[in-house]
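Fold and geometry: a report
Single-letter residue listing:
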Amino acid sequence: MRFKSLVKDLRILGGESLLKGKFVVVGGERLSGKVRVNGAKNSALPIMAATLLAEGKSTILSIPNLKDVTVFMEVLESLGAAVKREGHKLEVDATNLNACEVPSDFARKFRASNLVMGPLLARLREVRSSYPGGCAIGSRPMDLHLKGLASLGSSVKERGGFVHTSTDGLRGSDIHMDFPSVGATENIMLAATLAEGETIIRNAAREPEIVDLQNFLNSMGAKVKGAGTGTVGIKGVKKLHGAEHEIIPDRIETATLMIASAITGGDVCIENAIPEHVEPVIAKLTEMGVDVLVDNDSIRVMADQVLGGVNIKTLPYPGFPTDVQPQMVALLSTAKGTSLVTETIFENRFKHTAELRRMGADITVEGRTAVIKGMPKLSGAFVEATDLRAGIALILAGLAAEDMTVVENAGHIDRGYENIAEKLKALGAKIIRIEN
Ligand code: UD1
């Protein structure tokens, strides 16, 4: 009742426009019940890119209904693929793939669109794209992708913020990656499936999404092995056919819901989860004093005591995921004691700390480490989602804070969480998403 009247008052105070495109959360509710995890965004995108390799129709099941997926569908369509979505089922037929240029709008704003480079090069022998964010060749964040594609026998030319890659036929190669980049591993795997001969990717990323991609590629007729280890081997084949595949559950959504339970002192059972994929998160929550019960495909998270601080360092899989770092920082802001969180994957991934400070959190950032002194209570505030995971971290903080939190830029959160307000509401949270 109080929640509804608060939202009504705010609407009256600021007019409707004040709340448009925002999440409104009133904290203090203990979450309980069961919640189901959707298919993984970070599997869906490379698998959608893989559909471009086939002459024929592929059907992808458990596709999450997210803004990133919708944008990627538009990218595939712009390249000549026929794309159809019905609920959580997606069909892609790239038989008539005819464009080798990634439209600039997508390439610049949407980093994952670079995943179509490998398939386009393999099928059409040419690809043109802008750099994400206009980044120069040789530097981050495309150098590992381009080095890999070049080793497969393509020439890479850069001019005016564009990259042009072409080949007279891809050839297998032995590639050692300087860093286990997820996207670069996927791009090289995609291109190598149709290359002549064998490719070996050493120091490959080991994320579960790479394994999911391997499984889909093999069901299309590819010969890929080793995904999930540091060495992936691909024997090139002449052609790939369409296939049906179900996307794995989203481990980042799983971890986010686990933290939602912990931060509210709740008791939530997270279903359609793969516990092995969130082991580092389970380990840290347990160290903090959270009770975590693991079953085959569900995880129950109970927090009925004051939680203690812990130290965390983000690392490539199977280390602690960078995509769960902001949510953990929100949780640690409410835990007892001091925690150190070190971000080693991305240079500038602490923007949420400034917003959390507006909610009363005591966080200082020194270089790549955030020093968090836990506070007994956070307080509601107007805060801004600066990116997807920063945004969800603020919602989590809002669930635990006194009074009302308004998270601006809800669109960032829509990129990676399907119906998150409804899911949290069903667990007892007071939250609504005001449409744009
Ligand atoms: C993927 C995930 C993203 C996650 C990240 C790390 C998708 C769609 N996105 O992103 O959610 O946060 O893995 O787990 O799956 N780098 C280079 N050169 C390159 C490529 C990357 O220097 O050519 C750097 C990046 O700037 C970054 C680090 O390597 O600092 C990790 O990037 P990468 O593993 O490639 O992440 P993404 O595939 O972009």
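The structure this text deals with has already been given above.
Here goes a summary of the coordinates provided. As the structure is a prediction and not an experimental result, all values here were calculated from the model. (Residues numbered from 1 in each chain as written. Predicted model: local features only at pLDDT ≥ 70, side-chain atom pairs only at ≥ 80, totals over all residues. Heavy atoms only, no water.)

1. Remarks on the pattern of salt bridges
Scanning the model with the defined rule gives 19 salt bridges in all. Ionic pairing is found between aspartate 178 and lysine 147, a salt bridge with its closest N-O pair at 2.8 Å. Here the residue aspartate 178 occupies a position in the loop between strand S9 (174-176) and helix H7 (182-192), and lysine 147 occupies one in helix H6 (residues 143-151), the gap between them amounting to 31 residues. For aspartate 178, a relative accessible area of 55% puts it in the exposed group. We classify lysine 147 as partly exposed; its relative accessible area is 49%. One salt bridge connects arginine 202 with aspartate 174, and the closest N-O pair in it is separated by 2.8 Å. Remark: aspartate 174 occurs in strand S9 and arginine 202 occurs in strand S10 (residues 198-202); sequence separation between them is 28 residues. Given a relative accessible area of 32%, arginine 202 falls into the partly exposed group. In this structure aspartate 174 comes out as partly exposed when scored by relative accessible area, which is 49%. Through salt bridges with shared partners, a single network forms among Lys57, Lys84, Lys89 and Glu91. (Salt bridge = Lys/Arg side-chain N within 4 Å of Asp/Glu carboxyl O. Helix = DSSP H or I, 4+ residues; strand = E, 2+ residues; numbered from the N terminus. Buried < 20%, exposed > 50% of the residue type's maximum accessible area, 1.4 Å probe, protein only.)

2. Structural notes on the packing of helix H11 (residues 325-332) against helix H13 (residues 388-400)
Packed helix pairs are specified by the crossing angle of their axes together with the interaxial distance, meaning the distance between the axes. It is the contact of H11 with H13, at a shortest axis distance of 8 Å, that shows an interaxial angle of 25°. As summarised for this structure, H11 and H13 are arranged roughly parallel, according to the angle between their axes. In this structure, H11 crosses over H13, and the sense of that crossing is right-handed. On the side of H11, the interface is formed by Pro326, Gln327 and Ala330, while H13 contributes Arg389, Ala390, Ile392, Ala393, Leu396 and Ala397. Across the contact of H11 with H13, the residue classes tally to seven nonpolar, one polar and one charged. (Axes fitted to C-alpha atoms, helices over the stretch in contact; angles between N-to-C directions. Parallel < 35°, antiparallel > 145°, perpendicular 65-115°, else oblique. Left-handed = near helix turned anticlockwise from the far one by under 90°. Contact = heavy atoms within 4.5 Å. Nonpolar A, V, L, I, M, F, W, Y, C, P; charged D, E, K, R; others polar.)

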